[in-house]
Structures are given as structure tokens and as C-alpha cells.
Amino acid sequence: MNSDILLADDEATFRETFAKILREEGMSVTVVGNGTDAIDAVTKQRFGVVVLDIRMPGADGIKVLREIMRIRPETRVIMITAYGTIEMAVEAIKLGACDYVMKPVVMDDVLTKIRQNMKYLDLQEENKQLKQELTRRFDISQIVGKSPAMQGVFEMIRKVAPTKSNVLITGKSGTGKELVARAIHSLAAQGNRHFVAVNCSAIPEGLLESELFGHKKGSFTSAIADKKGLFESARGGTLFMDEIGHMPMSCQVKLLRAVEHRQIIPVGSTEPIDIDLRLIAATNKDLPKEIKAGRFREDLYYRMNVVGIHLPDLCERKEDIPLLVDHFIKQFNSEMGKTCAGVSDAVMRLFMSYDWKGNIRELENVIERASIFAEDDVIKISDIGLLGSHAMGLSKEDETLQTATKAYEKEYIRRVLSKHNWNKVDAAKALGVGLSSLYRKIDELEIDSHKPKRSKAKKQ
Ligand SMILES: Nc1ncnc2c1ncn2[C@@H]1O[C@H](COP(=O)(O)OP(=O)(O)OP(=O)(O)O)[C@@H](O)[C@H]1O
Ligand SMILES: [Mg+2]
């Protein structure tokens, strides 16, 4: 762990006092008194920061440092040097140590240095994760689908990626429009350049033009300095205009000009700027209908729709559901460190018959929540139901599924209870949940969990 520290110094009093201070700071510290033990410790355990005395019996600091750099080069090593060993400290830095402190050691200094290095490691880790996240998101193999519709989409992506043509992606909310836009970008020659996304519906009408094309200082009251627009920021890369169907008419005119001439004019400027970029737009609106209603320019539509990619609703490609379920389970397994193997047959049946109004995003959310609650390796109806009314970020669309699963779940739990003669311990076992979870469910779903009196009466 980054917060694990190894302290190697042959002066017992110094090292014990130092270790005590570090521990008081909440750090986890291992102390050793000579070089050989230091090498031993580093071989066995990963330390974020090692504080190393340059002069030690056994193996001296330099030797230990070489060894650390050989086995765990990511370790941050701070050397402790005394008067007369400065040259050695310089050599240590060359060998990969990141800093040194002089004896007599000022505790505050060394504490600051340790903290800085721990922070550095945290940032490095975060950076690595972000990079992984980026490749994960941009990789075309992350778009799952075997349905003919999705096969068609893959083919379009591959064909259009190497060109400069404008692309219009259509489809309902949560069908994967942004994912497809990123895939086109990453497969294109400019894939290593910027991918700039703008959500046209999220920016107020008055600001959209300046956001897209930039502005000159003083062109309006709040324009206190020149500002580069998103078109310029995306130069050489891709500009993804999401929710283009929400773009106000006034801005559509300017956009049309930019798209036709491949030039933009910042607000308050008269000088056009050439822009070389790939344009991808997306919308969940029916643009031909918007055109008829006078809300979208026909000429802009044709300009953008050089290549049109339509993503069908999830319900029109149900054969993709099992693949998507598998994909998201794997994704959340790795994110949450779980080992979930899949969903039960009942869950799959429910998924296949459910009307996924929120499309793939909704399915992804359902699997995410189920992964959190699943106590077993297989996601069961009860895990889906554990959403409960307090579930995180429920959207309106989710509520429909919630109602459906609740009804299903209530019935299911009742059946299992009845099958086990209303014995809750046995029923909980059969359901694969803890007894307290079962009680919570009984309470929440208002299940009458007592043996029905009527059946008793019949027996008598
Ligand atoms: N075919 C797919 N395979 C794997 N994941 C997908 C697929 N389609 C969509 N997703 C995932 O579903 C979520 C929603 O996708 P995305 O944001 O691309 O949808 P969208 O169409 O842009 O939605 P909105 O219109 O609401 O903005 C994302 O997390 C995305 O990674
Ligand atoms: Mg989107």
C-alpha cells in the first residue's frame, strides 16, 4: 500500500522515535536496523515510501537502494545522509532515490517529504486508472451486440471511421450513441487526438454560440477575455455534438455555416478561422419530424446526416441482452472485486420480457445495483428487488422495473415460504439470502409470512 512505510536506520533511538511519530500520523511503519533486513523487508512486502539511512551495517544504503530499484522500481526512496556523505546522496538520486534529508533530521521536513511522495503515488495510481478507463471506454470491443442491427452498426463504424464524413447518430436515450461516437473517433486516424463532447441541450441558448465558436474580449458584457471555442479545441480531433436536436435555430444557422465552409467566426470577430476536424452529432429526437415542425433546419440535417447510424431500442435487439448482462457483470466484477458468475434463469426471463425503456443504460444500472447487493455468485430475483425504494438514483424509467420486480419478488418469496412450510430459516436458505434480508423483504413488500389460517382450517 502507498501508506506503508519502511524505515531503515541503524540508530535505535532515532528509528524508534521516528517510527512513533509516523505512527501517530496514522502511517503504517516497519522498522529495520540494517541493510540486509531492509532488502528482506522490501522483498516480502510492497512499501510506498522507504526512508533509508545511507550508512548502515550489513548492506549500506546505496546497495539497498539498488536492490529496491531492481525489485520494486516504483518505490519512493528518501535517503538520510550525514555530513560528509553528500556525494553519496547525489549518487543515490541518480540511482533512482527521489529525495534526501540531512542529519540531524528535522522531523517536519521529512514528514512533509513522505506525505508528498505518498500523494505522488496516489496520483500516479489514479492516473493509471483513468488511462485504463479511457481505453476501456474507447475500445470498439466494448460495444457488445450480436444482433443483425448491431452487426450493421459495427460495419458502419468501421467504414466511416477512416473518412472525414460527418456522422449523425440517432437512437433513444441510453442506446449507446456516445459509445459509438467514441468508437468512431478511436478507430479514426485522429483517434489519438482530442475527443471534445458538447451537450447542446445543457448550455443556455445565449452561451452556446460562444461555447462552440469562441468569442473576442468585449464582444458581450461577460466576455472579459478572448475565449477559444470547442471547435478550436477539437482541432485535428473529433467534436461530438450531443443532443443536436435541442440546438436553438439561431445557433443552427451558425453551425451550418461552420459545417459548410469548415470555418468558424468567433463571436465579436470578423476573421474566420479554418477548422479541420471530424464532426459527429447525436440526437434522440426524430429530426425529420422536427424539420416538419420548423424546429430543425433541413439543410443542416442533410449536412450532418452524410452518414446516419441508427441505434435501435434494446427491445428490438433482445438477443443482445444475455451478452450485455454478461458484459456488465464482468465489468462490475472487476470494478467491485466480485466474483459473480451470472444471473439466475428467473432473472434472465424477467430481463427478456421486460420493456427496457431506459435501454442499455437502464440494464447497466440494474446490473450494477444487483452486483452490489448479490450475496451469492448468481444474481437472483431477490438481488434485483433489493433495489428498494431507497435505491441510488432511481429514474422514472427504473420505477417501472421496480414495480414489476417487486410484484414478481413478492410472489416468489411467498411461494418459497409456502414451499418450506413458512419456515423462514429454510426459506432464506433456499432464496440464497441472509435471514435478516428475508425479514427486511417481508417487511418491505408487506408479505404475509405466517402460515395462512385457511390452510389450517382445511386440514382440520
Ligand atoms: N452495445 C453496448 N455494449 C456495451 N455497453 C453499452 C452498449 N450500448 C450502451 N452501452 C453502455 O450504456 C450506457 C449508455 O450509453 P451511451 O451513454 O452511449 O448512451 P446514449 O445513447 O448516449 O444515451 P443518452 O441519449 O441518454 O445520452 C453507457 O454506460 C454505455 O457504456
Ligand atoms: Mg449520450
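The rules behind each value
- Residues numbered from 1 in each chain as written.
- Chains lettered and ligands numbered in written order.
- Predicted model: local features only at pLDDT ≥ 70, side-chain atom pairs only at ≥ 80, totals over all residues.
- Heavy atoms only, no water.
- Pairing = 2+ DSSP bridges.
- Helix = DSSP H or I, 4+ residues; strand = E, 2+ residues; numbered from the N terminus.
- Axes fitted to C-alpha atoms, helices over the stretch in contact; angles between N-to-C directions.
- Contact = heavy atoms within 4.5 Å.
- Near = heavy atom within 4 Å.
- Polar contact = N/O pair within 3.5 Å; in protein donor to acceptor, adjacent residues only side chain to side chain.
- Areas by Shrake-Rupley, 256 points an atom, 1.4 Å probe, with all protein chains shown as cover.
- pLDDT = per-residue confidence, 0-100.
- Domains from an automatic or database assignment.
- Buried < 20%, exposed > 50% of the residue type's maximum accessible area, 1.4 Å probe, protein only.
- Arc of directions from axis to C-beta.
- Core = buried A, V, L, I, M, F, W, Y, C linked by side-chain atoms within 4.5 Å.

## Re the sheet that holds strand 7 (residues 195-199)
Working step 1: Spatially, five strands are ordered 7-10-13-6-14 in an open sheet, and the strand pairing comes out parallel. The open sheet has two free edges, formed respectively by strand 7 and strand 14 (307-311), since each of these has just one partner strand. Averaged over all neighbouring strand pairs, the angle between strand axes comes to 20°, with direction disregarded.
Working step 2: The strands that helix 6 (residues 148-160) touches are strand 6 (167-171), strand 13 (278-283) and strand 14; relative to strand 14, the one it contacts most, it runs at about 150°.

## Overview of the site of ligand 1
Working step 1: Close to ligand 1 lie 17 residues; Ser173, Gly174, Lys177, Arg361 and Glu364 are nearest.
Working step 2: Thr175 is positioned such that a nitrogen or oxygen atom in its backbone is 3.3 Å from an oxygen atom of ligand 1.
Working step 3: Burial of ligand 1 by the protein amounts to 88% of the accessible area it has alone, namely 630 Å².
Working step 4: Contributing elements (two or more residues each) for the shell around ligand 1: helix 7 (177-187), helix 13 (321-336) and helix 15 (359-373).

## Comments concerning the confidence of the model for the protein
As a general rule, the predicted coordinates of low-pLDDT regions are not to be interpreted in detail.
Working step 1: A residue-level look at the protein finds 91% of positions with pLDDT of 70 or above and a mean pLDDT of 86.
Working step 2: Scored below 50 in pLDDT, residues 386-398 shows 24 contacts in the model against residues more than four places distant or in partner chains.
Working step 3: Under a pLDDT of 50 for its full length, residues 454-460 has, in the predicted model, one contact with residues more than four places off or in other chains.

## Some points on the domain arrangement of the protein
A common way to state how big an interface is: give the accessible area lost once the parts meet.
Working step 1: Domain parsing of the protein yields domain 1 (4-133), domain 2 (140-312) and domain 3 (319-455).
Working step 2: One C-alpha centre belongs to domain 1, the other to domain 2, and the line joining them spans 51 Å.

## Here's the deal with helix 4 (residues 86-95)
Working step 1: Burial in helix 4 covers these residues: Met88, Ala89 and Ala92. Taken down its axis, helix 4 places every buried residue within 105° of arc, on the same side. Projecting away from the buried face of helix 4 at angles above 90 degrees are the exposed residues Glu87 and Lys94.
Working step 2: Once helix 4 ends, the next one or two residues include Gly96, with phi positive near 125°.

## Regarding unusual backbone geometry
Working step 1: Here the amide bond leading from Lys103 into Pro104 is cis, since omega sits at -5°, within 30 degrees of zero.
Working step 2: By secondary structure assignment, the location of Pro104 is in the loop between strand 5 (99-102) and helix 5 (107-138).
Working step 3: In the Ramachandran plot, Asn421 falls in the positive-phi region, its phi being about 55° despite a non-glycine side chain.
Working step 4: Among the structural elements, Asn421 can be located in the loop between helix 17 (396-419) and helix 18 (424-431).
Working step 5: A relative accessible area of 48% places Asn421 in the partly exposed class.
Working step 6: Its identity as a non-glycine residue notwithstanding, Glu446 has a phi of 50°, on the positive side.
Working step 7: The topology assignment puts Glu446 in the loop between helix 19 (435-444) and helix 20 (453-459).
Working step 8: With relative accessibility at 65%, the residue Glu446 sits in the exposed group.

## Let's talk about the nonpolar core
Here is a general trend for soluble globular proteins: nonpolar side chains tend to be buried in one another's company.
Working step 1: With 32 residues, the main nonpolar core has Phe231, Leu239 and Met241 as its most contacted residues.
Working step 2: A total of five residues in this core trace back to one element, the largest contributor, which is helix 10 (residues 249-261).
Working step 3: Apart from residues no more than four positions distant in its own chain, Met241 is found in contact with Val198, Cys200, Met247, Leu255, Leu279, Ile280, Ala281, Ala282 and Met304.
Working step 4: Core analysis: the second largest hydrophobic core is formed by 25 residues, Leu314, Ala346, Val366 and Ile367 among them.

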